[in-house]
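Here are the chains, one letter per residue:
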Amino acid sequence: MDLLQACRKYAPLVHCITNYVTVNDCANVIIASGGRPLMADEITEMTEIAQKAEVLVINIGTLNQRTFTASLAAGKVMRQYGKMVLLDPVGIGVSTFRQKAVQEILTTVKPQVIRGNFSEILTLISGQQHGSGVDIAQTDQMTQATQDGLIAQMQDFCQQSDCILIASGPEDLIVNSQQAYLVQNGHALMKDVTGTGCQLSALIGALLGAGQDWTKTCLTATCMWGLAGEKAAKKITVGDGNASYRNYLIDAVYQMTDKEVKEGANYVKLR
Ligand SMILES: Nc1ncnc2c1ncn2[C@@H]1O[C@H](COP(=O)(O)OP(=O)(O)O)[C@@H](O)[C@H]1O
Ligand SMILES: Cc1ncsc1CCOP(=O)(O)O
């Protein structure tokens, strides 16, 4: 069965411990792809929820001590049950608190998938702070000259941490310890909406709840979201701005079919 069809049939429960900026958009993207979102971060219910959820998405966009503790608790139980955990290290480069929190999540939870923009992924794999906010810094954009070295660094990290890495930007990299894909779907308007990265992480989370091959699922979800960005851009009319585009993006996922994804996916296998 194809990925969206499977997700819409099995409706995986996706537990999100996420930020208060983009929480509603993430929930709606999960619904649009067929999943069932559950946003919760009360420490006393983490174990029960982890028993019921198929996937956990930890997003550190507005992390605090309380949600950090909840993330560790939920993550540990999820992994004990052999379930999927995705980490979105939003703004990891802005503070030592975020960097240390991510380190602790890596060692105690061991998320199988980590997705961030290029600044966030660079901070993660180098230990040096990149970026001064939640967006990609101009200096961290991938170029032809930096691509190979970056993939090698990412693959080392994947090997050490036993995970898949997804770095987002104008083009996206999906890397595991052996393979690397470059996704060329997407639209420049996506950077004008806060939360397009958070929503991609949420979408990957939902599809991981239905997919078998994790790398392939991450690749398909990334193409799908980029394709949604392209379709949404076609709906922009006079008077529309980034708020309309944000809604068109979610609508595009809601209307998406596996056939459209197969026909519209624009990626190359680099390794
Ligand atoms: N200039 C761009 N052109 C095409 N797609 C883009 C562009 N900028 C971002 N995207 C897409 O938007 C989504 C979020 O990426 P990004 O904005 O880099 O992440 P984040 O929101 O975590 O900073 C990804 O699907 C990415 O491919
Ligand atoms: C603006 C902002 N501040 C804290 S989280 C957040 C949203 C970040 O969304 P994304 O990582 O998808 O750009």
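Placed above this text is the structure.
Residues numbered from 1 in each chain as written. Chains lettered and ligands numbered in written order. Predicted model: local features only at pLDDT ≥ 70, side-chain atom pairs only at ≥ 80, totals over all residues. Heavy atoms only, no water.

Colleague: What's the story with the site of ligand 2 in this structure? I'm lost.
Modeller: In the region of ligand 2, the neighbouring residues are Asn19, Val21, Thr22, Gly61, Val90, Val134, Thr194, Gly195, Thr196, Gly197 and Cys198. In the environment of ligand 2, an oxygen atom lies 3.4 Å from a nitrogen or oxygen atom belonging to the backbone of Gly195. Within the backbone of Gly197, one N or O atom sits 3.0 Å away from an oxygen atom of ligand 2. In isolation ligand 2 offers 380 Å² of accessible surface; the protein chains occlude 81% of this area. Among the residues making up the shell around ligand 2, the classes are represented as 4 nonpolar, 7 polar and no charged. (Near = heavy atom within 4 Å. Polar contact = N/O pair within 3.5 Å; in protein donor to acceptor, adjacent residues only side chain to side chain. Areas by Shrake-Rupley, 256 points an atom, 1.4 Å probe, with all protein chains shown as cover. Nonpolar A, V, L, I, M, F, W, Y, C, P; charged D, E, K, R; others polar.)

Colleague: Could you clarify how one ought to interpret the pairing of strand S2 (residues 36-39) in this entry?
Modeller: Note on strand geometry: in a regular strand, side chains alternate between the two faces of the sheet. Direction of pairing for strand S1 (residues 13-17) relative to S2: parallel, over a ladder of 4 bridges. When the bridges of S2 are listed, Cys16 appears paired with Met39. For the handedness criterion, the β-α-β arrangement of S1, helix H2 (residues 23-32) and S2 is classed as right-handed. (Pairing = 2+ DSSP bridges. Helix = DSSP H or I, 4+ residues; strand = E, 2+ residues; numbered from the N terminus. Right-handed = clockwise from strand over helix to strand, strands pointing away.)

Colleague: Honestly, the site of ligand 1 in this entry has me stumped. Any pointers?
Modeller: Around ligand 1, 16 residues are found, and the nearest of them are Arg115, Asn117, Gly169, Asp172 and Gly197. Within the side chain of Arg115, a nitrogen or oxygen atom sits 2.9 Å from an oxygen atom of ligand 1. Within the backbone of His187, a nitrogen or oxygen atom sits 3.3 Å from a nitrogen atom of ligand 1. Relative to its free-state accessible area of 540 Å², ligand 1 is covered by the protein chains to the extent of 88%. Where the shell around ligand 1 is concerned, the elements lending two or more residues are strand S5 (113-117) and helix H8 (196-208). Counting residues per element, the shell around ligand 1 draws most heavily on H8, which supplies 3 residues. For the shell around ligand 1, a count of residues per class yields 6 nonpolar, 7 polar and 3 charged.

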